[in-house]
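Understanding the architecture of this molecule
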Amino acid sequence: MKIKALWGSFFCAVILIIHSPCDGEGLVAKVVEPEVYAQSSLSVVSMNRNIIGPIIDIYKYPLKSFEESPLLTSERTHPLLAGCAVLNLVREAYMSQNASELSTAKKYLDWLAESHHMYQSQKQSKIWQYNYAHNNLAPGWWSGMGNAAIALAFRAGYEVFHEPRYRLNYEQAMNGILLPVEESGCTIRLGPDAHWVCEYVWPGMDEKNSYFVLNGSLMAMLSVKIMADVTGDERYKRAYFRYINGYKTIKEQFFRKDDKWTYYMLNPLTTEASHYAIYELKLFDALYEITHDDFYLDDISRRRKIFKESYPVHVDQENQFLFSLIGLPNPYFIDVFPITIDFISKGKVVYSKNIKNIFDKTINFSKRAFLTGQFRDDSQVDSFVVKSFDGGGYVELFSSRVDEVRFDWQSALPMPIKYTIKCNYDANCISSPQKTTEKNIDHLVNISPGRVSNPEVLSHYTNSQARIVFGLDENVSIQDNKYIAFIVNSDQKIKNLKFTIFDKKGKSISRYYPSIIPHQDNVLLISFIGFNKVESFSNNFNILHVTLFTRDLEDKKIDDFSFAIKNVFLLKNNAELFSLLGSDNYFLIEKE
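Below or above, wherever it landed, is the structure these notes cover. (Residues numbered from 1 in each chain as written. Predicted model: local features only at pLDDT ≥ 70, side-chain atom pairs only at ≥ 80, totals over all residues. Heavy atoms only, no water.)

What about the nonpolar core?
Membership of the largest hydrophobic core comes to 186 residues, with the highest contact counts inside it found for Ile226, Phe323, Ile339, Phe470, Phe486 and Leu548. Counting residues per element, this core draws most heavily on helix H5 (residues 144-161), which supplies 12 residues. In this structure Ile339 touches Phe323, Leu325, Lys353, Asn354, Ile355, Leu371, Val386, Lys387, Ser388 and Leu397, once residues within four positions along its chain are discounted. (Core = buried A, V, L, I, M, F, W, Y, C linked by side-chain atoms within 4.5 Å. Buried < 20%, exposed > 50% of the residue type's maximum accessible area, 1.4 Å probe, protein only. Helix = DSSP H or I, 4+ residues; strand = E, 2+ residues; numbered from the N terminus. Contact = heavy atoms within 4.5 Å.)

Concerning the sheet that holds strand S13 (residues 370-374)
Taking strand neighbours across the sheet as the criterion, the 3 strands line up as S9-S10-S13 in an open arrangement whose pairing is antiparallel. With one partner strand each, in any of the chains shown, strand S9 (313-315) and S13 form the two edges of the open sheet. Averaged over all pairs of adjacent strands, the angle between their axes in this sheet comes to 15°, without regard to strand direction. When strand S10 (residues 320-324) meets S13, the two strands line up antiparallel, connected through 5 bridges. Each bridged residue has a counterpart across the sheet, and for Phe321 the counterpart in S13 is Gly373. (Pairing = 2+ DSSP bridges. Axes fitted to C-alpha atoms, helices over the stretch in contact; angles between N-to-C directions.)

Digging into helix H1 (residues 49-56)
With 6 of its 8 residues buried, H1 lies for the most part within the structure. Those residues of H1 that fall on the buried side of the exposure criterion are Ile51, Ile52, Gly53, Pro54, Ile55 and Ile56. Among the structural elements, helix H3 (79-96), H5, helix H7 (214-231) and helix H9 (274-291) are those in contact with the buried residues of H1. Residue Asn48 occupies the N-cap position of H1, its side-chain oxygen lying 2.8 Å from the main-chain nitrogen of Asn50. (Polar contact = N/O pair within 3.5 Å; in protein donor to acceptor, adjacent residues only side chain to side chain.)

Considering the pairing of strand S20 (residues 465-477)
With 7 bridges joining them, strand S17 (residues 419-425) and S20 adopt antiparallel strand pairing. For Tyr419, the partnering residue across the bridge sits in S20 and is Leu472. As judged from the 9 bridges shared by S20 and strand S25 (residues 540-549), these two strands associate in the antiparallel manner. In the strand pairing of S25, Gln465 is matched with Phe549.

So, in structure tokens, the structure goes:
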């Protein structure tokens with residue numbers, strides 16, 4: 001049975017679905033003129049994808065039978081994913097106008113309203129809580145993102161089914177966002193008419209201990225703006241302007257001072273992962289689309305420039321091009337979405353190249369991590385656009401003229417650096433062997449897990465580590481070099497590592513690294529931008545500590561084993577990265 005909406009000359013008519021006890025049977029379309037459309041012809045169910053995409057693309061769930069849904073059977077309740085899934089189901093059912101799908105979507109709405117595991121309902125508001133711990137947060141925390149997705153889902157449900165309880169639920173969910181944290185809401189005050197909607201909320205949270213996670217606040221802010229436009233509710237309009245004012249007061253704190261990268265959150269200050277940077281760009285595009293507010297153009301422009309400089313396209317004189325899918329701030333795994341590059345001549349796309357199966361680990365890493373190709377001389381390509389497909393739609397990362405990126409990238413080579421080592425704790429330096437064709441080893445280290453540990457003293461845990469101190473023969477500039485790479489081979493798997501660099505004043509910054517696979521040449525690849533508090537660090541360093549944590553090996557009573565250091569390289573750009581990873585059979589551990 002097909003349901004069709006009827007459009008009058010002067011108003012938007014919607015469908016009222018009257019549901020009989022039989023699933024999918026007896027669903028009758030009845031034309032109504034709800035008062036909610038009096039102020040606006042917009043609706044959540046038909047909202048422009050360029051606007052609502054950052055929300056509906058968070059989680060899609062296929063239309064399956066209600067009883068089989070993992071949303072219902074999972075021990076964990078995730079309000080954000082549940083809200084996005086139900087929002088998608090309602091929109092898809094509305095677009096298909098299929099009676100069975102409409103019935104299924106309605107069941108999910110009723111479940112979200114009545115049977116969701118944990119929610120705290122007050123007279124005028126409702127928050128959907130998470131029933132599991134997250135980092136230091138105990139079960140029962142809540143989120144502006146979760147409530148925002150659920151509010152949109154109920155609003156969509158009200159537009160399609162026009163049941164008053166769906167309206168009540170979206171209004172309560174919206175109040176759960178707009179109310180201050182002390183009243184079980186998600187909002188903190190930064191100043192007069194300047195508010196912040198929080199992704200992570202817990203009892204006692206305030207402006208001093210809030211995480212200030214940007215992507216969650218932007219998503220909730222976009223949702224509030226959508227609701228303001230769709231309903232015409234003045235409360236939502238005022239709330240949006242207070243949220244945008246709040247972002248304006250702290251906006252610059254999310255950028256590095258040199259504009260080379262961005263921060264995920266402010267407390268503690270955390271370098272942003274690439275996929276979050278892409279998602280935020282998508283959110284800013286959507287906010288500009290719905291508001292046409294030029295304020296957002298600055299964020300969009302600066303963030304695209306950051307991607308252009310951090311993930312550049314190199315084109316040589318023969319029109320051969322290179323794009324690296326690994327880069328800042330964590331180059332040891334692919335943290336972007338599938339990439340397409342459109343090459344343009346006089347405003348028209350004349351050639352495209354993409355790479356899709358980037359997470360298929362049965363494919364050699366170097367074939368997934370780099371996109372290469374060549375466009376014809378006679379194609380007269382003058383520019384290109386780099387796009388990332390996040391599963392729902394394309395996000396433009398940046399565009400450029402070809403003449404701006406000409407570079408003989410195939411001649412780029414990483415620079416080996418001279419160094420000496422010292423060994424501490426569980427590590428013992430063996431006299432440096434001469435490099436041979438067979439071994440090609442700079443230094444050999446013997447590691448004895450738990451060698452200096454003593455379970456009877458508190459320092460036992462501190463001593464469950466092997467530390468190798470690298471003294472570099474020259475000062476290394478973190479401004480002039482993008483990455484440092486260590487080629488190592490270990491007889492045992494090392495689960496966790498830490499890199500620490502020291503400047504001349506003894507100040508240090510550090511970062512962690514996933515693991516080392518045994519009996520294979522590993523490339524330990526780190527970027528300097530990925531170090532915590534790197535902005536407060538002086539430009540040059542010549543001391544670097546590599547700490548290998550050995551507690552798990554100690555517990556397994558592993559005997560002494562060898563750890564070989566084969567080379568250390570400095571890399572200035574992604575072309576040198578391509579040269580390094582494509583030249584030898586190195587293993588680069590990919591973070592799960």
